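Residue-level structural notes
The chain contents come next:
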Amino acid sequence: MENKLKNEIDKIFQYNNNESKKIIPKKIMIEVTNSCNSKCIFCANRKMTRKRKNIDRDIALKALEEGKKLNIDEVGFYVCGEPLLNPNLVEYIEMAKKLGYKYIYLTTNGILADKEKVKKLFENGLNSIKFSINSINPENYKKIHGVDCFNIVYQNLRDAYDVRNNSFKNCKIYVSYIKTKYNNFDDKEIKKKFSNYCDEIFIQQVRNQGGLISNIQSIKIDNLKITFPCYYPFNTVVITCEGYISACCMDFQNYLVYGDLNKDCLENIWNNNLIKKFRQLQMSGKLEKTICNNCINNTFDKCEPLDEKYSKVINYKNWENE
């Protein structure tokens, strides 16, 4: 799998350095909102200083339309926030379906994913929904998620599974579980709790989110090997709620933004000089002072944004106290 990814990136990189050719992304992720109704201990959203907002409707539709013109077939409606907080989410999914996207998906904490909501999402074109549930009991869930909603989420998962089985058999339901020292239950226990209500469970080890969660040292289990180079800058368009385009799906402070969809078209931004240079850094491994370096090496060094005019600069002294 890793060799296949490396070969694919090598091919893209060759195209990236040939001015007569342009590479095209394989998928697009749209941050329909950066707001969240949880405060998970492993997530930088609770510390994020960007303005909380929903994506502008016109920008969301522009991203979908221009993405399809580039023959992108896959779209995810989530990045750094909880997508079900956006009241226009169903409309965006419906539009993606009409435009011809073949795979439409999202990840949710599940608090708002009740039976009627999930039914509406599936009816309008959603192909899969992943529930992020990071505990197996209410007490521990509250400690991990910062809210007392385990029973609500667990029931929503079960109801969603019933809705899928009754009317949408081609759709998929997944569960993701991020392990820390505080929810390090045996994999068998985790699978026993959720496997009857989903198609697959993804159990992952906690990551430091580009060095933005310094207390990861107190909650991680052991060092996690990160595949390098990262595939996101090479095959994924990440649209922030501001309408910026980032090279990462965990870019909470817009440190990897390389263009503005409010001012230019998607194809031009995807192939601009800033992202080309950044892809070269990815291939060479010279990522010092970027959040990528922290992610790959599990470090917490101070970083610099690709372009300061897009970023919400981190005050590291205050950030650590949040």
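Here we summarise the structure given alongside this text.

About the cut-offs
- Residues numbered from 1 in each chain as written.
- Predicted model: local features only at pLDDT ≥ 70, side-chain atom pairs only at ≥ 80, totals over all residues.
- Heavy atoms only, no water.
- 1 Å grid on protein atoms, 1.4 Å probe; cavity = no way out; pocket = protein on both sides within 12 Å on 5 of 7 lines; lining within 4 Å.
- Points joined across faces, edges and corners; volume = space filled by probe spheres on them.
- Nonpolar A, V, L, I, M, F, W, Y, C, P; charged D, E, K, R; others polar.
- Pairing = 2+ DSSP bridges.
- Helix = DSSP H or I, 4+ residues; strand = E, 2+ residues; numbered from the N terminus.
- Axes fitted to C-alpha atoms, helices over the stretch in contact; angles between N-to-C directions.
- Buried < 20%, exposed > 50% of the residue type's maximum accessible area, 1.4 Å probe, protein only.
- Polar contact = N/O pair within 3.5 Å; in protein donor to acceptor, adjacent residues only side chain to side chain.
- Contact = heavy atoms within 4.5 Å.
- Phe/Tyr/Trp six-rings, centres within 6.5 Å; stacked < 30°, edge-to-face > 60°.
- Parallel < 35°, antiparallel > 145°, perpendicular 65-115°, else oblique.
- Left-handed = near helix turned anticlockwise from the far one by under 90°.
- Salt bridge = Lys/Arg side-chain N within 4 Å of Asp/Glu carboxyl O.

1. A word on empty space enclosed by the protein
Tallying each qualifying case throughout the model produces two cavities of 30 Å³ or more. Estimates place the volume of the second largest cavity at around 30 Å³. If you go around the second largest cavity, the residues you meet are E31, R50, V79, C80, V238, T240, S246, C248, D251 and N254. Per-class residue counts for the lining of the second largest cavity are four nonpolar, three polar and three charged.

2. Examining the sheet that holds strand β8 (residues 244–246)
What the nine strands build is an open sheet, ordered β6-β5-β4-β3-β2-β1-β7-β8-β9; its pairing is mixed. The sheet is open, and its two borders are formed by β6 (200–205) and β9 (257–260), each paired with just one other strand. Neighbour-to-neighbour, the strand axes of the sheet open up by a mean angle of 25°, direction not taken into account. Both strand β3 (residues 103–108) and strand β4 (residues 128–132) contribute to a ladder of four bridges, which runs parallel. By the bridge assignment, Y105 is partnered in β4 with S128.

3. As for the side chain of N124
Residue position: N124 is located in the loop between α4 (115–123) and β4. Judged by relative accessible area, which is 17%, N124 ranks as buried. Within the local environment of N124, its side chain forms a polar contact with the backbone oxygen of K120, the two atoms lying 2.8 Å apart. Ignoring any residue separated from it by four or fewer positions in sequence, one finds N124 in contact with V90, I93, E94 and K97.

4. Some remarks on the packing of aromatic side chains
Taken as a whole and judged by the stated rule, the model has ten aromatic pairs. Ring centres 5.6 Å apart and planes at 15° place the aromatic pair F150 and Y154 in the stacked group. Here F150 pairs with Y154, and both are found in helix α6 (residues 150–167), just four residues apart, close to one helical turn. For the pair formed by F150 and Y154, the shared burial category is buried. Measuring from centroid to centroid gives 5.0 Å for Y244 and Y310, while their planes differ by 55°, and the two rings are tilted. Here the residue Y244 occupies a position in strand β8, and Y310 occupies one in the loop between α12 (291–297) and α13 (316–321), the gap between them amounting to 66 residues.

5. Thoughts on the environment of I245
As for its placement among the helices and strands, I245 is situated in strand β8. A C-alpha to C-alpha distance of 9.5 Å links I245 and I30, two positions 215 residues apart in sequence. With near-sequence residues (within four places) excluded, I245 lies in contact with V237, V238, I239, L256, V257, Y258, G259, L261, L266 and I269.

6. Comments concerning the packing of helix α2 (residues 57–69) against helix α3 (residues 89–99)
Across the interface, α2 lies against α3 with an axial gap of 10 Å and an inter-helix angle of 20°. Between α2 and α3, the angle is such that the two are roughly parallel. Between α2 and α3 lies a crossing of right-handed hand. For the pair α2 and α3, the contacting residues are R57, A60, L61, L64, E65 and K68 in the first and E91, Y92, M95, A96 and L99 in the second. Of the residues in the contact of α2 with α3, the class split is seven nonpolar, no polar and four charged.

7. Here's the deal with unusual backbone geometry
Look at N254: it is not a glycine, yet its phi comes out positive at around 60°. One can find N254 in the loop between β8 and β9.

8. Brief notes about the pairing of strand β7 (residues 236–239)
Of the two faces of β7, the one carrying T236 and V238 and the one carrying V237 and I239 are both buried. Taken together, the four bridges between strand β1 (residues 27–30) and β7 define a ladder with parallel strand orientation. Looking at β7, one finds that M29 is bridged to V238. Bridge count for β7 against β8 is two bridges, and the pairing is antiparallel. Of the residues in β8, the one forming a bridge with I239 is I245. Between β7 and the antiparallel strand that follows it, β8, lie four residues; G243 among them carries a positive phi value of about 95°.

9. Examining the pattern of salt bridges
Enumeration over the complete set of coordinates arrives at nine salt bridges. Here E94 ties to K98 by a salt bridge, and the two come within 3.6 Å at their closest N and O atoms. Pair noted here: E94 and K98 are both in helix α3, with a separation of four residues, about one helical turn. For the salt bridge of K309 with D307, the shortest nitrogen-to-oxygen distance reads 2.7 Å.

10. So, the side chain of N156
Relative to the helices and strands, N156 resides in helix α6. In terms of polar contacts, N156 uses its side chain to reach the backbone carbonyl oxygen of I111, at 3.3 Å.

Function cannot be inferred from these measures alone, as they are strictly geometric.
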